[in-house]
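# Notes for the structure review
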Amino acid sequence: MDQEIKQRIETLKKEKDAVILAHYYVDGEVQEIADYVGDSYYLAELATTVPQKTIIFCGVSFMGESAKILSPEKTVIMADRSADCPMAHMVEVEKIREVRKEYPEVAVVCYVNSMAEIKAESDVCVTSSNALKIVKKLPNKDIFFIPDENLGRFIAKKVPEKHFIFNDGFCHVHKSIHAEDVKKAKELHPEAVVLAHPECTGDVLELADFVGSTSQIIDYATNSDEKVFLICTEMGVFYELLQKNPEKKFFSVGHRQFCPNMKKIHLDSVLRALENPEEEVEMDEAMRQRAVGPLARMLELAK
Ligand code: 13P
Ligand code: SF4
């Protein structure tokens, strides 16, 4: 059955001049058939360079929106339109305007995990892989970091010369990884190296040997001579970790390291998206034009 679906996906991809992009958090079966798999930054950048005219996006809605904002001439179709990231809605436009009033010199730094109307109000977008580099390059002293407080605090510690204003957004998946669980897992695997995503809370990040985006975590484990790792991020990364490192051991630290939205996407969702253009991402052109500046600035500053 799966073989039939895969065959049909291959045929439709050619017929429709489509490319499949997937985030590391989707199921292994989807990563396996995707043309490209990566972290949020890699996928946003790819959307601007792939030659195909249709992108099938296996990820959550803000990712499809970013692809559409950066490449409006392309048709972007979500593998599952209902796959949404709760954190992307955790800041209000009104709050951004209030902070701008209070701090006229502020730079509004917007994690890509945010909806288009939030990007449109921001000065620059960042992802977990380039936030530090970009914040360091900004001339502004005041930084309003939205929507993720944990990533914001992680970056702020590394740039003490800047003044940060935080927003209370969070990722429920990373927040459910508790320091106590990391300590227990360390007792079970004392030799393990702890790798964490910066969306985790500060007490978890303090226990980590390395903090980075999903790609950076995969690269770190792949390039390391160590053999055992505790992974503090969503379980989807295990697929690529094991593809690249079949001889190494990877352990999660809890039972809730699953993003229910990313996990909505299966092989049949990809097939449905190829068959059914109704799942296309649509964007008001005025909104797109307001949101493209901060994303384009990210691509420029991240170089
Ligand atoms: P990265 O892809 O930047 O590692 O971010 C993780 C994430 O939560 C995406 O939703
Ligand atoms: Fe959003 Fe967290 Fe899921 Fe990423 S893992 S899509 S931040 S809820």
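If you look the protein chain up in an unreviewed UniProt entry, it shows as Quinolinate synthase from Clostridium segne. Turning to the protein chain, the UniProt annotation filed under Catalytic activity (unreviewed entry) states: "iminosuccinate + dihydroxyacetone phosphate = quinolinate + phosphate + 2 H2O + H(+)". Regarding the protein chain, the UniProt comment filed under Cofactor (unreviewed entry) reads as follows: "[4Fe-4S] cluster".

## Thoughts on the side chain of Ser215
Its place among the elements puts Ser215 in helix α12 (residues 214–223). Residue Ser215 is classed as buried on the basis of its relative accessible area of 16%. Once residues lying within four places of it in the same chain are set aside, the contact partners of Ser215 are Tyr24, Gly38 and Asp39.

## Here's the deal with α12
Here α12 has its buried residues at Thr214, Ser215, Ile217, Ile218 and Ala221. Down the axis, α12 shows its buried residues gathered within 160° of arc, on one side only.

## Re the layout of surface pockets
Left-over empty space is what a probe sized like a water molecule reveals as it rolls over the atoms. Reported here for the largest pocket is a volume of approximately 190 Å³. If you go around the largest pocket, the residues you meet are Asn150, Arg153, Phe154, Lys157, Lys158, Cys200, Gly202, Leu205, Glu206 and Val211. Mapped onto the lining of the largest pocket, the elements with two or more residues apiece are α8 (149–158) and α11 (202–207). Per-element accounting of the lining of the largest pocket gives the leading share, 5 residues, to α8. A breakdown of the residues in the lining of the largest pocket according to their chemical character gives 4 nonpolar, 2 polar and 4 charged.

## A few points about the sheet that holds strand β6 (residues 124–126)
One open sheet accounts for 4 strands, arranged β6-β5-β7-β8; its pairing is parallel. Each having just a single partner strand, β6 and β8 (163–166) make up the two edges of the open sheet. Shown here is a sheet whose adjacent strand axes are inclined to one another by a mean of 30°, direction ignored. Of the strand pairs in this sheet, strand β5 (residues 107–111) and β6 are connected by 3 bridges, and their pairing is parallel. Directly across from Val109, in β6, lies its bridge partner Val124. Sitting on the sheet, helix α5 (residues 93–102) touches β5, β7 (142–146) and β8, and the angle it makes with β7 is about 175°.

## Thoughts on the sheet that holds strand β9 (residues 193–196)
Taken in spatial order, the 4 strands line up as β10-β9-β11-β12 in an open sheet, and their pairing is parallel. Whereas interior strands pair on both sides, the edge strands pair on one side only; in this sheet they are β10 (210–211) and β12 (249–252). Relative to β10, β9 runs parallel, the two being bridged by 2 bridges. Paired with Leu195 across the strands is Phe210, a residue of β10. Across the sheet, α12 touches β9, β10, β11 (228–232) and β12, and the angle it forms with β9 is around 160°.

About the criteria used
- Residues numbered from 1 in each chain as written.
- Chains lettered and ligands numbered in written order.
- Predicted model: local features only at pLDDT ≥ 70, side-chain atom pairs only at ≥ 80, totals over all residues.
- Heavy atoms only, no water.
- UniProt positions renumbered as here; feature names shortened; annotations may be inferred.
- Helix = DSSP H or I, 4+ residues; strand = E, 2+ residues; numbered from the N terminus.
- Buried < 20%, exposed > 50% of the residue type's maximum accessible area, 1.4 Å probe, protein only.
- Contact = heavy atoms within 4.5 Å.
- Arc of directions from axis to C-beta.
- 1 Å grid on protein atoms, 1.4 Å probe; cavity = no way out; pocket = protein on both sides within 12 Å on 5 of 7 lines; lining within 4 Å.
- Points joined across faces, edges and corners; volume = space filled by probe spheres on them.
- Nonpolar A, V, L, I, M, F, W, Y, C, P; charged D, E, K, R; others polar.
- Pairing = 2+ DSSP bridges.
- Axes fitted to C-alpha atoms, helices over the stretch in contact; angles between N-to-C directions.

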